[in-house]
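# Residue-level structural notes
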Amino acid sequence: MGSKFIDDGVDRKKQVRAIVLHPELKKGSQSTRSSEARLEEAYGLALAIDLEIIRHEVITVARPKPSTLFGSGIIEKYHDYIHANEVEVVIVDTALTPVQQRNLEKGWEAKVIDRTGLILEIFGERARTKEGKLQVDLAQLSYQRSRLVRSWTHLERQRGGAGFMGGPGERQIEIDRRLIDEKIVRLKSDLEMVKKTRELHRSARRKVPFPIVSLVGYTNAGKSTLFNRLTESKVFAEDLLFATLDPTMRRVNLPSGREIILSDTVGFISELPTDLIASFRATLEEVREANVLVHVRDVSHEDTEAQKDDVKAVLNDLELDPDIQKNMIEVWNKSDLLSEEIKSSLEIQSGHQDTTLLCSAITGEGCSEFLHMVEQLLEAQNLVYEFEIPYENGAALSWLHDNAKVLEQDHHEEGVWVSLSILQADADKFISKFGIDPLEEELED
């Protein structure tokens, strides 16, 4: 495998100099991605925390060593390169054991961060809300608990914060497992309070409910850009891995005028740290509450199918109701980056599937069709209700005509009998708003 060097001539003296190594493990690898593609993703992750990457390379590892992962020849080779080029951080794109991380740091005399640590570092920089920061702190402490090893003191001049890149390593030197455990208990308690607050918000929405449509997808698939396009919002959206972490919700009007709540969630990634999934479970509860899931895919990416599998794996980890995954739309995003030949082929493929759509969040292509598709899925979830509406309550009858599909209507002496197809959430809203109960149990539409 050839080396790739980054030298763009930009003065970056204030940045931390780093190299990225992706180990290609010959035995037991189940990845469907090429090693080069995985290296590029790791390179993108490193750029997301503004490191100066002077080299990124795939290293073939025929026989992984339990103590160091790499053989002595590789360690010696990179020791010389690290010191000759004043490299301060080595990113190893795999999960290292605490022993391997510690021995590599000794062998290279540089800070070593594995894939889990790198992702946690990104999350630590990007979290903006109190809940997001608590979740990242909890995940970082759970990760650090087994890695009470000395950080290299030459990093103390770098930025501060709760991540692994800042400070002289006091947390790993001075904070023993007992203190970490105590802080983990406090963080879990704080998160439980936040979770209760979020549940109160959900309860309030149930009283005045709107259908929830959640965007999910691999990081950098364009979820936030699509969210901004549909809601006319300005959620941070850049060509970066994990550009946005904290969930955002906005109201959106469907073509019929019905309102929905559109939710933008954190992006997923392959080998997402289990501690991070556990910490963000409260946030991702919004996904479990959704009436419709929208899987946003970057179809211009060479690994789009593998990314799809990774997203499904995370959704399975969340133990979603199978019915939720049935109500899923696949948005094949970034059609503006495709050649005309590939785009035409994908248009034909998506045309044969009721819940697949080719679109571009940048140009707006396919966004109107997307809203129609959401509406059709919601209508498919409708139930049939019957109500008797008093003549003096014309507002209730008008509301039903605006928010449901009236199947039959008949005028009686006391009022108007209506049979209608309506989403459960809208039926609950009507009953709460007007105090009129259905005549009998609802029937499946």
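One structure accompanies this document, and this report is about it. Residues take numbers from 1 onward in each chain, read along the sequence in its written order. Restriction of local features to residues with pLDDT of at least 70 applies here, the model being predicted, together with a cutoff of 80 or more for giving and counting side-chain atom pairs; totals for whole chains, interfaces and linings are based on all residues. Excluded from the side-chain calculation are hydrogens and water; included are all heavy atoms of the structure.

Think of it this way: a Phe, Tyr or Trp ring, Trp meaning its six-membered ring, pairs with another when their centres are within 6.5 Å, and the plane angle makes it stacked under 30 degrees, edge-to-face over 60, tilted otherwise. What the rule picks out here adds up to seven aromatic pairs. Ring geometry for Trp399 and Phe434: centres 6.3 Å apart, planes at 65 degrees, overall edge-to-face. On the criterion of sequence distance, the pair formed by Trp399 in helix α15 (residues 394-403) and Phe434 in helix α16 (residues 424-434) is long-range, its members being 35 residues apart. A connected cluster of aromatic rings, assembled from ring pairs, spans Tyr385, Phe387, Trp399, Phe430 and Phe434. We call a charge positioned over a ring when the NZ of a Lys or the CZ of an Arg lies within 6 Å of the ring centre and within 35 degrees of the ring normal. Over the aromatic face of Tyr81 sits the side chain of Arg55, whose NZ or CZ is 4.6 Å from the ring centroid. Helix and strand labels come from DSSP, where a helix needs a run of H or I of at least four residues and a strand needs a run of E of at least two; each type is numbered from the N terminus.

To continue, consider the sheet that holds strand β6 (residues 212-217). Strand order in the open sheet formed by six strands is β7-β8-β6-β9-β10-β11, and the pairing between neighbours is mixed. Of all strands in the sheet, those bounded by a partner on one side alone are β7 (248-253) and β11 (356-358). Geometrically, the sheet is characterised by an average inter-axis angle of 25 degrees between neighbouring strands, direction not taken into account. The rule for pairing is simple: two strands pair if DSSP sees at least two bridges between them. Bridging between β7 and strand β8 (residues 259-264) involves six bridges; their strand directions are antiparallel. Across the sheet, Arg251 pairs through a bridge with Ile261, a residue of β8. Packed on one face of the sheet, helix α8 (residues 223-231) meets β6, β7, β8, β9 (292-298) and β10 (328-333) and runs near 155 degrees to β8. All axes here are fitted lines through C-alpha atoms, helices being fitted over the stretch that makes contact, and every angle between N-to-C directions spans 0 to 180 degrees. By definition in these notes, contact holds between two residues if any of their heavy atoms fall within 4.5 Å.

Right, let's talk about the state of the cysteines for a bit. The rule for a disulfide is simple: a pair of cysteine sulfur atoms within 2.5 Å. Under the criterion given, the structure shown has zero disulfides. Of all cysteine sulfurs, the one in Cys367 lies closest to Cys359, which takes part in no disulfide; the gap is 5.1 Å. Overall, the relative accessible area of 7% leaves Cys367 in the buried class. For each residue, the accessible area found with a 1.4 Å probe, counting protein chains only, is set against the maximum for its type, and the residue is called buried under 20%, exposed over 50%, and partly exposed in between.

With respect to the helices and strands, the residue Asp437 is situated in the loop between α16 and β15 (443-444). Classification of Asp437 as exposed rests on a relative accessible area of 54%. With 52 residues separating them in the primary sequence, Asp437 and Tyr385 have C-alpha atoms 9.8 Å apart. For Asp437, the residues in contact, after removing those within four places along its chain, are Phe387 and Ile431.

With that settled, consider α16. By the burial criterion, the buried members of α16 are Ala425, Asp426, Ala427, Lys429, Phe430 and Phe434. Directly after α16, the chain includes Gly435, whose backbone phi takes a positive value near 65 degrees.

Geometric descriptors of this kind do not, in isolation, establish any biological role.
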